[in-house]
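In case you want the letters, here they are:
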Amino acid sequence: MTGPATAAHARHPVQRHPVDLVRVLLGAAVLGLGFLVAQRGELPVFERDVFQLVNDLPPAVFPVIWAVMQLGNVLAVPVVAAVALLARRVRLARDLLISGGLAYVTADLVKGVVRRERPGGFAVEVNFPEGPVGGLGFISGHAAVAAALATAAAPYLPRRGRRAVWVLAGIVALARIYVGAHLPLDVVGGAAVGWAIGSLVHFVFGVPRRDVSVDRVRALLDRLGVTAVDLRAAPVTARSSHPFEAVDDAGRRLYVKYLEPDRFERDWLYRLYRLLAVRDIKDADAVAPLGQQAEHEAVAALTARERGVRTPAVLLARGDGREAVVVQRFVDARALDELDPRELTPELLSAVWEQVGLLHRARVAHHDLVAGSVLVDAAGDPWLVDFGNALTGAGDDALAGDVAELMASLVLLLEPDAVVRSAVDRLGAEAVEAALPGLAPLSLAAVTRAALRERPHRLHLLRRELRRQLGLPDPDRPEFPPPGLPARLAVAAGSLLALVGVPLLAGAGPLAESIEHGGWRWLGGALALAVLARVGVAAAALLTVPRRISLGRTAGAVMVADAATLLHGRIGWRRAAARFLERAGVLPGPAEQALGRFGAGAVLAAVVVALATLVLAAVEGRLTQWQGPEGLVRSVLVGLAAWVLVLLGQWLARRGGTGPVPPGQREDVLLALRELLSVRRPDAGTVWRRGAQLCWMVTGVFLEAAVLAAALHSVGGEVPLLATASVYGVLHLLWSVLPVTGAPGAADVGLLLALTGLGAPLAAACAAVLVFRSLTFWIPAATGALLTSRYERHFGR
């Protein structure tokens, strides 16, 4: 009996986890934020108070702290690497040496760029237990080296060892504050750099899986009442357990799964990444105590067996918080992905799908139903194994995910028509159609994704064949007719006028002066807020469909839709967004309904932001300084010219169109209002999704208002945040209800008139509009234009 991801057993298999790249990005983000603060050249009050709290610790602790602090010295790197070599841990020594050395070099480079003073250079009282410290402060080299060594060593250590090295790294960071060498921001930046570098080293070289000895497993079995006469490692490898074969004192062959106590699914960052990316953790039980995990797997397997599913009998499932085992009867069989393709006959496929049907009638979702989880015995009968991720009492989406997982795994072995035909014959067209949304890379198991990376076209062929056999619309059909050269020229001229005409209103000199004297930190903040706003809008879009779709792909799809608005207006936006949902497995009807929900959320979010900020601004008296806008005539003329050119180009692009036209601007509003009133008695899940969608959309709109405020402050415009947010909320509501008013030219002039009406100088208002529109529309739309062909041809491949 074998498990998923069957392969020849290796003594030290190496694993690479994409979540390590997430750690690298988070570490870089912390460094970037620290860089922005450190560049100000000021000492924040909070940082000063934290520094004095640590720096004022009694002198009695100095000898202990000083000794631990040496672990952050660059000389400690070769020492700890040599200790690892003496212990014959060559990979550990390599990771320690590379991580520690890179952390030291990086810290030195960052210091030279930022050039922040050490604590002695600020107006703060400093105690120097070992004498004054000179040089530059941001970032702390000791903290970077210590964090890099801790990160590098962690995968090679047991849980207590990992905790110990991170405690030591924390003490090193605090020690640098205690001796007066660094401020708190310095050590936080250093720790982030060390964490990022150690994680990058793990991603490049991989980390080993922990070996489990036969004696340890035998001792656990003896303690639990199972006498293993012949116990040996099984000649396979599994992702979340250590497999063994055994014979008990009664002569029965056993399959023993020693559960992995350090599964990467337990990593909180991995789980957060899965939750945000596809709203699915894949193994919600992974953080439970190991004994509970073993019992969970046994319950799922027994439930399936009682309902007629062919699965091995469970003899024992027990353990504690440190180790656990699941013991089953051994099945002399081969995994489905080990069979010769000629052995994968239609009769065998039919039998496999029959077992899946029995499993789903029992409302058990396997949650890891890859080809390696299906065994075929000598008689040609299929067995379903490895219920570690299974879910009893599963919902329809989880059951459909099993069908998608197995089809995606089988298409790597067989032609798509055979896979789809066998599934439809046994499960029915409705069950297979429900699996279509699950045929996206991030919805699949890691082993399937890894195989599909080598043959990416297989998943696309499978989806196309499924749609063909079920008679579903092809999402790769042309979205728009060729717009023609006149339409392109008119839109390009209008866009150029909107981009260039706004600066010309203030004159090139005043505009350049406004930008030159503006704060670049505000510009950096505006960029960060614009990215966060995009994330909020994408998260809101995800919640319009009860399907798992990648957050990153959704954000990209929104940019592609923004690009489509230039040539095709709101119709283009809706059609591009609908095709994205169809390619993700959503049928055309539900896709249009999802867009209606998105439109409803946009309108309601704009109302919430506008009302909330207007009330707060009125209470604080922020709207009492309204004045007549500057440059009214010129603004209107330039805006109307750009607007007319863009609308002319869109009309020319639509003139040669054929086929059904999706709802336009007025119909979009009606769909949104109908969606708001459509559900009279929603269930709890619907209420949660719509509430979460509204919260994300409100967050996105408010962050966009903050982008406008930051852009205005970066060029010297002193308009209160609440007043800026209020007028932006009103404008966003207008653009949501009448999308034509948000077209290039009209949107720019509306913003310009609002800002100058609030008292911003014309030059500052022009610069702020240019920065804001670039960050929130022009750059995303340009990026979307570059991504269009990829989303049309390669989505999900």
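Residues numbered from 1 in each chain as written. Predicted model: local features only at pLDDT ≥ 70, side-chain atom pairs only at ≥ 80, totals over all residues. Heavy atoms only, no water.

Engineer: Even after reading the chapter, I still don't get the overall build of the protein chain, so can you show me in this structure?
Structural biologist: The secondary structure content of the protein chain amounts to 28 helices and twelve strands. Per-residue burial over the protein chain gives 51% buried out of 797 residues. Counting contacts in the protein chain only where the partners sit at least 6 residues apart, residues at least 24 apart contribute 77% of the total. As presented, the protein chain carries roughly 35,000 Å² of accessible surface, and 63% of it is formed by carbon and sulfur atoms. (Helix = DSSP H or I, 4+ residues; strand = E, 2+ residues; numbered from the N terminus. Buried < 20%, exposed > 50% of the residue type's maximum accessible area, 1.4 Å probe, protein only. Contact = heavy atoms within 4.5 Å. Areas by Shrake-Rupley, 256 points an atom, 1.4 Å probe, with all protein chains shown as cover.)

Engineer: Mind showing me how you'd approach the pairing of strand S10 (residues 374-377) here?
Structural biologist: A regular strand carries its side chains on alternate faces of the sheet. Going residue by residue along S10, you find Val374 and Val376 tucked away on one face and Leu375 and Asp377 tucked away on the opposite face as well. Of the pairings in the sheet, the one linking strand S8 (residues 333-335) to S10 comprises three bridges and is antiparallel in character. Looking across to S10, one finds that Ala335 is bridged to Leu375. For S10 and strand S11 (residues 382-384), the ladder comprises three bridges, and the chain directions are antiparallel. Bridge assignment links Leu375 to a residue of S11, and that residue is Trp383. Counted between consecutive antiparallel strands, the loop separating S10 from S11 contains four residues, among which Gly380 sits at a positive phi close to 85°. (Pairing = 2+ DSSP bridges.)

Engineer: Quick question: what am I supposed to make of the side chain of His142 here?
Structural biologist: Position of His142 relative to the elements: it lies in helix H6 (residues 141-153). Dropping the residues within four chain positions of it, His142 is found in contact with Met69, Gly72, Asn73, Val172 and Arg176.

Engineer: In this structure, what is going on with the sheet that holds S10? I would like to understand it.
Structural biologist: Within a sheet, neighbouring strands are paired by backbone hydrogen bonds and run either parallel or antiparallel to one another. The strand order S8-S10-S11 describes an open sheet built from three strands, whose pairing is antiparallel. Each edge of the open sheet carries a strand with a single partner, namely S8 and S11. For this sheet, the mean angle separating the axes of adjacent strands, direction not counted, is 35°. (Axes fitted to C-alpha atoms, helices over the stretch in contact; angles between N-to-C directions.)

Engineer: Mind showing me how you'd approach the pairing of strand S7 (residues 324-329) here?
Structural biologist: Most of S7 sits out of view: five of its six residues are buried. When strand S6 (residues 314-319) meets S7, the two strands line up antiparallel, connected through five bridges. Counted as the bridge partner of Leu316 is Val327 from S7.

Engineer: Looking at this structure, how should I read the pattern of salt bridges?
Structural biologist: When the charged atoms of two side chains with opposite charge come close together, those side chains can pair. Applying the stated criterion across every chain yields a total of 22 salt bridges. Its salt-bridge partner being Glu245, residue Arg253 comes within 3.9 Å of it at the nearest N-O pair. On the basis of relative accessibility, which here comes to 39%, the residue Arg253 falls in the partly exposed class. The partner of Glu297 in a salt bridge is Lys257, and the shortest N-O contact between them spans 2.8 Å. Linking Glu297 in helix H11 (residues 290-306) with Lys257 in strand S5 (residues 253-259), this pair joins segments that are 40 residues apart in sequence. Given the relative accessible area of 4%, Glu297 is considered buried. Accessibility expressed as a relative area gives 5% for Lys257, which makes it buried. Beyond isolated ion pairs, a larger network of salt bridges with shared partners links Asp230, Arg232, Glu245 and Arg253. (Salt bridge = Lys/Arg side-chain N within 4 Å of Asp/Glu carboxyl O.)

Engineer: Looking at this structure, I do not really get unusual backbone geometry. What am I missing?
Structural biologist: The phi torsion of most residues other than glycine is negative, and most of the peptide bonds are trans. Cis geometry is adopted by the peptide bond preceding Ile139, which originates at Phe138 and carries an omega value of 10°. When you line up the elements, Ile139 lands in the loop between helix H5 (90-114) and H6. The backbone phi angle of Arg115 is positive, close to 60°, even though this residue is not glycine. Counting through the fold element by element, Arg115 comes out in the loop between H5 and H6.

Engineer: Hey, could you run me through helix H13 (residues 396-410) in this one?
Structural biologist: Here H13 spans 21 Å end to end across 15 residues, near enough to the 21 Å set by a 1.5 Å rise per residue. For H13, a buried count of 13 out of 15 residues is recorded, marking the element as mostly surrounded by other parts of the structure. (Expected span 1.5 Å × (residues − 1).)

Engineer: I would appreciate a short explanation of the confidence of the model for the protein chain in the present structure.
Structural biologist: Low pLDDT means the predicted coordinates in that region are not meant to be read closely. Averaged over the protein chain, the pLDDT score is 80; the fraction of residues at 70 or greater is 83%. The secondary-structure element of the protein chain with the lowest mean pLDDT is helix H24 (residues 665-678), recorded at 50, while S11 shows the highest, at 94. Note that pLDDT drops below 50 for residues 2-12; the model gives that stretch 35 contacts with residues more than four away or on any other chain. Counted against residues more than four places away or in other chains, residues 657-669, with its pLDDT under 50, gives 22 contacts. (pLDDT = per-residue confidence, 0-100.)

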